[in-house]
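An overview of the molecular structure
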Amino acid sequence: MAWLLIAGVGLAALNLRTAITSVGPLLDEVTGGLHMSGTLAGVLTTLPVLCFAVFGALTPTLIRRFGEHHVLVAALAALAAGLGARAFSADPWLFLLLSVIALSGGAVGNVLLPTLVKQHFPARVGAMTTLYTTTLALGTTIAAAATVPVQQAAGSWRVALGSYAVFAVIAIVPWLLVLRHEPPRADPAEALSLGRVLRTRMGWQSVLYFGTQSTVAYILFGWFAQMLRDQGMDATNAGLMLSYLTALAVPISLLLPGLMARVRDHRGFVAFFYAAYVVGLVGMWFSPLQGIWIWTTFLGLGMGAFTLALTFFAVRTRTAPATAALSAASQSLGYLMGGLGPFLFGTLHHLTGGWHAPLALVFVIMTVNFCMGLLLGRPRYLEDQLTPAPEASRPVR
């Protein structure tokens, strides 16, 4: 069972971002092949954050009704079905619908994996969080890097996008075997509603910390290469720098959760990532191309705040239900915040004609992130701030 669970966590995490990062490199081919309008193309690129917000918020309810393991099997099945079926779609609206199905599986998995780690490996939270954050980063990078070569080898963008359904099917296998030995389902009365989490200071600190780091991450994913091209860098090298920026998440994911598990106060990690962002932003402000490898390295290190935010769900809670609720609240609202980031950044660039004002926006967002992280990084637990459930306050007759 232990090895099945370890394999299941790693394989599931590997698939959570393939529905997103596989589309970007072939966006022109997809929109052209489906005769998709510019408006629908914009909807396609906005779908991930919307689905992560909506389906992430629904996950605790699904857990209470069906149990963690059944919900994850269904999520991976939805991911596989959506990825496979949309590759054969000839209608743009059907492609969007099937993308929603695939993204819903990723959204549910986002919330479930920290919960399952807390439930099955309470004494190995650091090691297991390292496993799923690292494989999550690997899956994100592989889908971004391998999609174009597969498309060129197969001669079809449909084959390239649909091939990721195979990995989702493989990820289902260990969880189907786990279902045969599933532990007794937790009492639904022990589950926490999102409302109770959001009535705590820690709940909102986690939402704002996750949301601000997501906002900056989406800004860099969407605009970093364009900033470099505007400074005179060619498209190939700009794409290389963006790949390097995202690849730095892998070593951070390998090291950070284990380090966090060894200490109770995590404010030092928060300060480290903020300092890295500041160095990278200052470099991009004054000398974007000279020393670009240095600035990109520091920005990539700063983006390790994502791994820190994910690890907070487990280390700031005592029980799996609390982990699920904190994860769902933070990711559902946080991804909505993240979706606004590229729009605001691009609007500032359009209004000012330069990059200084947008970079100043990033600095402000990261300063808010730093302040929230200092509060969230203190050694406390969510359960200590929860108000009693309404049922608990009623007198027993």
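Residues numbered from 1 in each chain as written. Predicted model: local features only at pLDDT ≥ 70, side-chain atom pairs only at ≥ 80, totals over all residues. Heavy atoms only, no water.

1. Remarks on the overall build of the chain
- A count of helical and extended segments in the chain gives 18 helices and zero strands.
- Its C-alpha atoms give the chain a radius of gyration of 21 Å, within 12% of the compact-globule value 21 Å for 397 residues.
- By principal-axis analysis of the C-alpha atoms, the chain measures approximately 75 × 45 × 35 Å.
- A buried classification covers 51% of the 397 residues belonging to the chain. (Helix = DSSP H or I, 4+ residues; strand = E, 2+ residues; numbered from the N terminus. Rg over C-alpha atoms; globule rule 2.2 N^0.38 Å. Buried < 20%, exposed > 50% of the residue type's maximum accessible area, 1.4 Å probe, protein only.)

2. A look at the side chain of T133
- Structurally, T133 is set in helix α7 (residues 125–154).
- For T133, the side chain forms a polar contact with the main-chain oxygen of T130, separated by 3.4 Å.
- Excluding anything up to four places from it in sequence, T133 contacts S253, P257, T307 and L310. (Polar contact = N/O pair within 3.5 Å; in protein donor to acceptor, adjacent residues only side chain to side chain. Contact = heavy atoms within 4.5 Å.)

3. Here we look at the pattern of salt bridges
- Scanning the model with the defined rule gives two salt bridges in all.
- Here R267 and D265 are joined by a salt bridge, their closest N and O atoms 2.5 Å apart.
- Judged by its relative accessible area of 33%, R267 is partly exposed.
- In this structure D265 comes out as partly exposed when scored by relative accessible area, which is 32%.
- Between D384 and R318 there is a salt bridge, with its nearest N and O atoms 2.9 Å apart. (Salt bridge = Lys/Arg side-chain N within 4 Å of Asp/Glu carboxyl O.)

4. A few points about the confidence of the model for the chain
- Considering every residue of the chain, the mean pLDDT works out to 87; 94% of them sit at 70 or more.
- Low pLDDT, under 50, characterises residues 392–397; the predicted model gives this stretch zero contacts beyond four residues in sequence or across chains. (pLDDT = per-residue confidence, 0-100.)

5. A word on the environment of R264
- Of note, R264 is situated in the loop between α13 (249–261) and α14 (267–286).
- Take R264: its relative accessible area is 53%, and that puts it in the exposed class.
- A C-alpha to C-alpha distance of 8.4 Å links R264 and G377, two positions 113 residues apart in sequence.
- Setting aside anything within four residues of it in sequence, one finds R264 in contact with R316, G377, R378, P379 and Y381.

6. Focus on a nonpolar patch on the surface
- Together, V54, L58, L62 and F66 line one region of the surface with nonpolar side chains, adding up to about 330 Å² of accessible area.
- Tracing the backbone shows L58 in helix α4 (residues 38–66).
- When its relative accessible area of 42% is taken as the criterion, L58 is described as partly exposed. (Patch = residues over 30% accessible without salt bridge, like charges linked within 9 Å, V, L, I, M, F, W, Y side chains within 5 Å. Areas by Shrake-Rupley, 256 points an atom, 1.4 Å probe, with all protein chains shown as cover.)

7. So, the packing of aromatic side chains
- Evaluated as defined, the whole model comprises 15 aromatic pairs.
- Ring geometry for Y209 versus F312: centroids 5.7 Å apart, planes at 80°, classification edge-to-face. On the criterion of sequence distance, the pair formed by Y209 in helix α11 (residues 201–230) and F312 in helix α16 (residues 305–315) is long-range, its members being 103 residues apart. For the pair shown, Y209 and F312 are each scored as buried.
- By way of ring pairs, the aromatic residues F52, F210, Y218, F221, F306, F313 and Y335 are connected into one cluster. (Phe/Tyr/Trp six-rings, centres within 6.5 Å; stacked < 30°, edge-to-face > 60°.)

8. A short note on helix α18 (residues 356–376)
- The first and last C-alpha atoms of α18 sit 30 Å apart over 21 residues, in line with the 30 Å expected at 1.5 Å per residue.
- Residues P358, L359, V362, I365, M366, N369, M372, G373 and L376 constitute the buried set of α18. In a view along the axis of α18, the buried residues occupy a sector of 135°, so they form one face of it.
- The secondary structure elements touched by the buried residues of α18 are α11, α14, α16 and α17 (320–352). (Expected span 1.5 Å × (residues − 1). Arc of directions from axis to C-beta.)

9. Re the environment of L50
- If you trace the backbone, L50 turns up in helix α4.
- Take L50: its relative accessible area is 41%, and that puts it in the partly exposed class.
- Sequence separation between L50 and L333 is 283 residues, and the spatial gap between their C-alpha atoms is 9.8 Å.

10. Observations concerning the nonpolar core
- Core analysis: the largest hydrophobic core is formed by 78 residues, its most contacted members being L76, F95, L113, W175, Y209, L308 and F312.
- The biggest single contributor to this core is helix α6 (residues 92–120), with ten residues.
- Formed by 27 residues, the second largest nonpolar core is a distinct cluster that contains M284, I292, I365 and M366. (Core = buried A, V, L, I, M, F, W, Y, C linked by side-chain atoms within 4.5 Å.)

11. With respect to helix α1 (residues 2–15)
- Across its 14 residues, α1 extends 20 Å between first and last C-alpha, which sits within 8% of the 20 Å expected from 1.5 Å per residue.
- Within α1 the residues assigned to the buried category are L5, G8, V9, G10, A12, A13 and N15.
- Residues of α1 that are buried sit in contact with α2 (18–21), α5 (68–86), α6, α7 and α9 (164–179).

12. Comments concerning the side chain of S327
- With respect to the helices and strands, the residue S327 is situated in helix α17.
- Setting aside residues no more than four positions away along its own chain, S327 makes contact with N110, V111, P114 and F313.

13. Examining the packing of α11 against α18
- Close contact between α11 and α18 brings their axes to 9 Å; oriented N to C, the two are set at 150°. For the element pair α11 / α18, the angle class is roughly antiparallel. When the axes of α11 and α18 are compared, the crossing they make is left-handed. Side by side, α11 and α18 meet where M202, Q205, S206, L208, Y209, T212, Q213, T215, V216, I219 and M227 of the first sit next to L359, V362, I365, M366, V368, N369, M372, G373, L375 and L376 of the second. (Axes fitted to C-alpha atoms, helices over the stretch in contact; angles between N-to-C directions. Parallel < 35°, antiparallel > 145°, perpendicular 65-115°, else oblique. Left-handed = near helix turned anticlockwise from the far one by under 90°.)

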